[in-house]
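For reference, the chains in residue letters:
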Amino acid sequence: MKRVIILSVLLFFAAFVVVQAQPALPHLQKNGNTAQLIIDEKPFLILGGELANSSASSIEYMKPYWPHLKAMNLNTLLMPVYWELIEPEE
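Thresholds, definitions, all that
- Residues numbered from 1 in each chain as written.
- Predicted model: local features only at pLDDT ≥ 70, side-chain atom pairs only at ≥ 80, totals over all residues.
- Heavy atoms only, no water.
- Helix = DSSP H or I, 4+ residues; strand = E, 2+ residues; numbered from the N terminus.
- Buried < 20%, exposed > 50% of the residue type's maximum accessible area, 1.4 Å probe, protein only.
- Contact = heavy atoms within 4.5 Å.
- Areas by Shrake-Rupley, 256 points an atom, 1.4 Å probe, with all protein chains shown as cover.
- Phe/Tyr/Trp six-rings, centres within 6.5 Å; stacked < 30°, edge-to-face > 60°.
- Pairing = 2+ DSSP bridges.

Here we come to the overall build of the protein chain. Across its full length, the protein chain holds four helices and five strands. For the protein chain, the N- to C-terminal ordering of α and β elements is α-β-β-β-β-α-α-β-α. When each of the 90 residues of the protein chain is scored for burial, the buried share is 8%. Summarising the internal contacts of the protein chain: among those between residues at least 6 apart in sequence, 50% fall at separations of at least 24. Of the roughly 8,300 Å² that the protein chain leaves accessible, carbon and sulfur atoms contribute 64%.

Okay, structure coming up:
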C-alpha cells in the first residue's frame, strides 16, 4: 500500500512538472483600461498588412510580393482564402 501511495505522489509531481513546462498559449492580458496580446509570455505588437480580395489568388501570383512584404517588417498579414482555391470541386 505504501508503494502505491508513493508511486501516486511521484506521478502527480511528474505530471505537475510537465504541465508547468509547457509554454503559455497566446492570450489577452488586461493592463488598466487596455488589453495586450501576449505571445511566448511577451507582449506582441502587431505590425500588420492587408491584401486586396483577389491578391491571394495563387502562390504564383504572390511570389513577387513576398519580398516586398518582408521588407516592410510585417509580422501579421490579413488575406482572404477562398474555399474554391483549396477545393475546386466538391
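Turning our eyes to something else, we now look at the packing of aromatic side chains. As enumerated under the stated definition, the model contains one aromatic pair in all. Relative to Y65, the ring of Y61 lies with its centre 5.5 Å away and its plane at 35 degrees, an arrangement referred to as tilted. Classification of Y61 as partly exposed rests on a relative accessible area of 38%.

Right, let's talk about the sheet that holds strand β1 (residues 27-31) for a bit. Neighbouring strands of a sheet are bound in pairs by backbone hydrogen bonds; such pairs are parallel or else antiparallel. Pairing is antiparallel in the open sheet, where three strands are placed in the order β1-β2-β3. On the outer flanks of this sheet lie β1 and β3 (42-43), each paired with one strand and no other. Two strands pair when backbone bridges link them, and β1 and strand β2 (residues 34-39) are joined in this way by five bridges, in the antiparallel orientation. If you follow K30 over to β2, its bridge partner there is A35.

Relative to the helices and strands, E50 resides in strand β4 (residues 48-50). What makes E50 exposed here is its relative accessible area of 64%. Between the C-alpha atom of E50 and that of L78, which follows or precedes it by 28 residues, the distance is 4.6 Å. Setting aside anything within four residues of it in sequence, one finds E50 in contact with L77 and L78.

Below, the discussion takes up the environment of P23. Within the element layout of this structure, P23 appears in the loop between α1 (2-21) and β1. Sequence separation of P23 and E41 is 18 residues, and the distance between their C-alpha atoms is 7.9 Å.

Checked against the element boundaries, L51 lands in the loop between β4 and α2 (59-62). The exposure class of L51 is buried, given its relative accessible area of 15%. Each C-alpha atom, one on L51 and one on L77, is 7.6 Å from the other, the two residues being 26 residues apart in sequence. L51 has contacts with M62, L69, L77, L78, M79 and P80, leaving out every residue within four places of it along the chain.

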